[in-house]
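# Analysis of the macromolecular model
One-letter residues, chain by chain:
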Amino acid sequence: MADGEQSIGQVKAIVLLYDDNSKKWMPSGGVQGFSLVHLYENVNGSYRIVGHHCQTRQVVINFSIPKGLNYHEATPTFHQWRFKQLVYGLNFGSEEDAAVFSAAVKGALCTL
Ligand SMILES: CC(=O)N[C@@H](Cc1ccccc1Cl)C(=O)N1CCC[C@]12C=C[C@@H]1CC[C@@H](C(=O)N3CC[C@@H]4C=C[C@H]5[C@H](C)C[C@@H](C(=O)O)N5C(=O)[C@H]43)N1C2=O
């Protein structure tokens, strides 16, 4: 978390990237498993989705939310979005976590 940022939501989710060649969802950072995914709000009004893998502590996602992002809820526990040739997927541990995170992202999007 950079200075001037605060977490306005955190959930556990598996962070995935879609591999167009193999047509498969691959774990971001190459290691299967859950990450702690935060939605950070910056004092400058911007938002980032940042996730750290629970075992490796790697940063597996560091995504600045652009105005007008199409955040797609494919299923109650799998949400996804496209940005610059990348497709991100969040596979949540529960429908509750998914709903909490989705509400936070949609709340952020409506301020952009
Ligand atoms: C117009 C457009 O871009 N549309 C995108 C979706 C989108 C819409 C609007 C805005 C943005 C985006 Cl991104 C699209 O359709 N895309 C983006 C790339 C891939 C895909 C294309 C085809 C396949 C077909 C099926 C589905 C898929 O991938 N789904 C379904 C749910 C299901 C849930 C969980 C995961 C699980 C973790 C592993 C695996 C499993 O279940 O084994 N799996 C899945 O199979 C997961 N696809 C897609 O999402």
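Here the structure is a predicted model, which means the values were calculated and not measured.

When you line up the elements, Glu5 lands in strand β1 (residues 5–19). Judged by its relative accessible area of 11%, Glu5 falls in the buried class. In this structure the C-alpha to C-alpha distance between Glu5 and Glu41, which are 36 residues apart in sequence, comes to 5.4 Å. Sequence-distant contacts of Glu5, that is, excluding residues within four places in its chain, are made with Tyr40, Glu41, Asn42 and Arg48.

What follows is about the pairing of strand β5 (residues 59–64). Pairing geometry for strand β4 (residues 47–53) and β5, over 5 bridges, is antiparallel. Following the sheet pairing, His52 is matched in β5 by Val59. Here β4 hands over to β5 after 5 residues, with Arg57 in that stretch at a positive phi of 65°.

To continue, consider unusual backbone geometry. Unlike most non-glycine residues, Lys84 shows phi in positive territory, near 45°. With phi around 65°, Gln85 is a residue other than glycine that occupies positive phi space. Along the chain, Gln85 falls in the loop between β7 (78–83) and β8 (86–92). Assessed through its relative accessible area of 77%, Gln85 is described here as exposed.

Every residue close to the ligand is listed here: Leu16, Tyr18, Trp25, Asn70, His72, Thr75, Phe78, Gln80, Trp81, Arg82, Val87 and Asn91. Between Gln80 and the ligand, the recorded distance is 2.9 Å, taken from a side-chain N or O atom to an oxygen atom. Between the ligand and the protein, one listed contact pairs an oxygen atom with a side-chain N or O atom of Arg82 at 2.6 Å. Of all the secondary-structure elements, those providing two or more residues to the shell around the ligand are β1, β6 (72–75), β7 and β8. Looking at the shell around the ligand, the element that brings in the most residues is β7, giving 4 residues. Its residues placed into classes, the shell around the ligand shows 6 nonpolar, 5 polar and 1 charged.

Turning to the nonpolar core, a few remarks are in order. As a rule of thumb, soluble globular proteins bury nonpolar side chains together. Leu39, Ile49, Ile65, Trp81 and Phe101 are the most contacted members of the largest nonpolar core, which has 23 residues in total. Elements supplying a minimum of two residues to this core: β1, β3 (35–42), β4, β5, β8 and α1 (95–109). When neighbours within four sequence positions are excluded, Leu39 is seen to be in contact with Gln6, Ser7, Ile8, Gly9, Tyr47, Arg48, Ile49, Ile65, Phe101, Ala104, Val105 and Ala108.

About the cut-offs
In this convention, every chain numbers its residues from 1, walking through the sequence in written order. Whole-chain, interface and lining totals are the exception, using all residues; otherwise, since this is a predicted model, local features are given only for residues with pLDDT of at least 70 and side-chain atom pairs are given and counted only at 80 or more. To obtain the side-chain values, all non-hydrogen atoms of the structure were included, while hydrogens and water were left out. Where helices and strands are cited, they refer to DSSP runs of H or I of at least four residues and of E of at least two residues respectively, numbered from the N terminus. In this scheme, a residue with accessible area under 20% of its type's maximum is buried, one over 50% is exposed, and one in between is partly exposed, where area comes from a 1.4 Å probe on protein chains only. Every residue pair with non-hydrogen atoms within 4.5 Å of one another is taken to be in contact. Should DSSP find at least two bridges between two strands, the strands are taken to pair. One heavy atom within 4 Å of a molecule or strand is enough for the residue carrying it to be called near that molecule or strand. For this analysis, a polar contact is any N or O atom pair within 3.5 Å, provided that within protein one partner can donate a hydrogen and the other can accept it, and provided that sequence-adjacent residues contribute only side-chain to side-chain pairs. Think of it as three bins: nonpolar holds Ala, Val, Leu, Ile, Met, Phe, Trp, Tyr, Cys and Pro, charged holds Asp, Glu, Lys and Arg, and polar takes everything else, Gly as well. Only buried residues count toward a nonpolar core. Its members are Ala, Val, Leu, Ile, Met, Phe, Trp, Tyr and Cys residues joined through side-chain atoms within 4.5 Å.

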